[in-house]
Amino acid sequence: MTANGAGGAVGRETSTPSQALAFSRYAEALDLSHAADIARTRALADLGHAALDDARRDGVRGMASDMELRSVAAEAAGMARLTDRRLQGEIDHAMTVIDDYPAVFDAWAQRWIERGHVDVVVRVGAGVPAEVREPFTEAAIGVCERDVPSRVRGALEALAARLHPQTFTERHKTAAAERCVRVFHGSDGMSNLVANLPTVIAAGMLDRLTQMGQSVKDARAESDSADTRSMDQLRADILGDLVLGGAPVVDPTYGIDRAGGLGAIRARLQVAVTAETLMVKDENPAEAVGAALIDADTARELAGQVSEWDRLFIDPVTRTPVEIDTYRPTASMKKLLMARDQHCRFPGCRRAAIRCEIDHTIDYALGGHTHIFNLAHLCQRHHSMKQFTKWEVRQVGGGVLEWTSPLGRIYREDVPIPAVCFTIDTADPPPDAAPSGTPPDEPPPF
């Protein structure tokens, strides 16, 4: 705003031509993005409907339908360069929007509401019974038209609660049956452990952790060794101690009056670390296989708590595991496979090998050998898909898998490269290195 003259008249500044052009281009981009979102949602729903139609062609349902959806999602994921789990989730979401909330989809297509509104309506509407979905949908569109997506969830939840035929107590019992614990890996060697629990249990856990943390602070203060950890740090440390070292209040594996077998169970974690890091020659991170990187101090602390380590030999050129041995002689086939594969060997899947099944690429019943080059880790989802859909796989050597989709597309699954391994610096070859083009007398050590 600018003031003009002594009388204080106020005039509005107009946008410059460059600003007008930029806003015009932005408006065009919004139109294109909206049209693409609508088209993609329709296409994803069409993929899901086509998969279900194919599965039901001969009157089969249940597992066959699920396998067909998995197969289609994997095919689409290869085209989009995404994971098949994510694609199947997007297909399910698109089918839900178009099939269960057609009025919401139409409102989105006509730009009365935005994509964020649709996602919130579907998420809140998941708890609304089918018999009241229509009035919920009509009222939800009106709520969304009046505000931005980030501010409508509370109003939609209140709306859903008013329309729901069940009492809150009844709904809580159903929700409590879905309680679970999940982990989300972050950066810098940290992860988030998330527990979905009844509110009274969650609040009670936080209060007890706080009381225990304060007791630690008070005890250290009395002994003139003040604990410098914050309350958040204390709660996190105490929670880790309780989960990793404690036992349930009532242990049904023995009895109700003393500890049973559950207290003896310990967490399992596969860690890859270089010898230099173990010997404190460097501070490079180690890898919690199937999870994320961890710091060198933690890796060394873990190393001091185990009596047996697997020694991994890494090919200096391909940077892939080629051999494994242990201090105590043992059958090494499973260990080598776990070290080689690291995770499920279906394209895009990251399910850790310790959570997977070892699969015969050529079925044992059909003459396939139990040999390292006929075995690979597959998670239960992709193991079942290999058995019950038209996806095919073959090993082409060196642990490389070649997958062929039902439509004939081929996806190469190379051996995963460990995040932590020895490498060779080729910038300055040693003085006694063989001249270029001359083979060395013997192969370099691993």
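Here is a short report on the structure shown in this document. All figures in this text were calculated on a predicted structure; none of them were measured in a lab.

**A look at a nonpolar patch on the surface**
A contiguous nonpolar surface patch, about 910 Å² in accessible area, is contributed by Val-181, Val-183, Leu-193, Val-200, Ile-201, Met-205, Leu-239, Leu-242, Val-243 and Leu-244. Secondary-structure elements contributing two or more residues to the nonpolar patch are strand E3 (180-185), helix H9 (199-222) and helix H10 (231-245). Ranked by residues supplied to the nonpolar patch, first place goes to H10 with four residues. When you line up the elements, Val-243 lands in helix H10.

**Some details on the environment of His-93**
Note that His-93 resides in helix H3 (residues 84-100). Using a relative accessible area of 30% as the deciding quantity, one classes His-93 as partly exposed. When the C-alpha positions of His-93 and Leu-44 are compared, they lie 8.8 Å apart, and in sequence the two are 49 residues distant. One polar contact links His-93 to Asp-119, side chain to side chain, over a distance of 3.0 Å.

**Remarks on unusual backbone geometry**
Comment: phi is negative for the bulk of residues other than glycine, and the bulk of peptide bonds are trans. For Arg-111, which is not glycine, the phi dihedral falls at a positive 65°. Along the chain, Arg-111 turns up in the loop between helix H4 (102-109) and helix H5 (115-125). One non-glycine residue, Asp-188, lies in the positive phi region at around 60°. Position of Asp-188 among the secondary structure elements: in the loop between E3 and strand E4 (191-196). The exposed category is assigned to Asp-188, whose relative accessible area is 75%.

**So, the environment of Asp-99**
Mapped onto the elements of the fold, Asp-99 is located in helix H3. Between the C-alpha atom of Asp-99 and that of Ala-45, which follows or precedes it by 54 residues, the distance is 8.7 Å. At a separation of 2.9 Å, a polar atom in the side chain of Asp-99 contacts the side chain of His-49.

**Comments concerning the side chain of Thr-389**
Residue placement: Thr-389 occurs in the loop between helix H14 (380-388) and strand E12 (392-397). Among the polar contacts listed, one links the side chain of Thr-389 to the backbone oxygen of Met-385, at a separation of 2.6 Å. Of the polar contacts made by the side chain of Thr-389, one reaches the backbone nitrogen of Trp-391; its length is 3.3 Å. If near-sequence neighbours (up to four positions away) are discounted, Thr-389 is found in contact with Met-67 and Ser-71.

**Remarks on the packing of aromatic side chains**
As enumerated under the stated definition, the model contains four aromatic pairs in all. With a centroid separation of 5.9 Å and 85° between ring planes, the pair formed by Phe-105 and Trp-108 is classed as edge-to-face. Of the two residues, Phe-105 and Trp-108 are both situated in helix H4; the distance of three residues between them amounts to about one turn of the helix. Accessibility assignment for this pair places Phe-105 and Trp-108 in one class, buried. Plain terms: the ring middles of Phe-346 and Trp-391 are 5.2 Å apart, the flat faces sit at 65° to each other, and that makes the pair edge-to-face. A residue pair is termed long-range when its members are at least 10 positions apart, and Phe-346 in the loop between helix H13 (333-341) and strand E10 (357-360) and Trp-391 in the loop between H14 and E12 qualify at 45 residues. Relative accessible area serves as the criterion here: at 2%, Trp-391 is assigned to the buried category.

Calculation criteria
- Residues numbered from 1 in each chain as written.
- Predicted model: local features only at pLDDT ≥ 70, side-chain atom pairs only at ≥ 80, totals over all residues.
- Heavy atoms only, no water.
- Patch = residues over 30% accessible without salt bridge, like charges linked within 9 Å, V, L, I, M, F, W, Y side chains within 5 Å.
- Areas by Shrake-Rupley, 256 points an atom, 1.4 Å probe, with all protein chains shown as cover.
- Salt bridge = Lys/Arg side-chain N within 4 Å of Asp/Glu carboxyl O.
- Helix = DSSP H or I, 4+ residues; strand = E, 2+ residues; numbered from the N terminus.
- Buried < 20%, exposed > 50% of the residue type's maximum accessible area, 1.4 Å probe, protein only.
- Polar contact = N/O pair within 3.5 Å; in protein donor to acceptor, adjacent residues only side chain to side chain.
- Contact = heavy atoms within 4.5 Å.
- Phe/Tyr/Trp six-rings, centres within 6.5 Å; stacked < 30°, edge-to-face > 60°.

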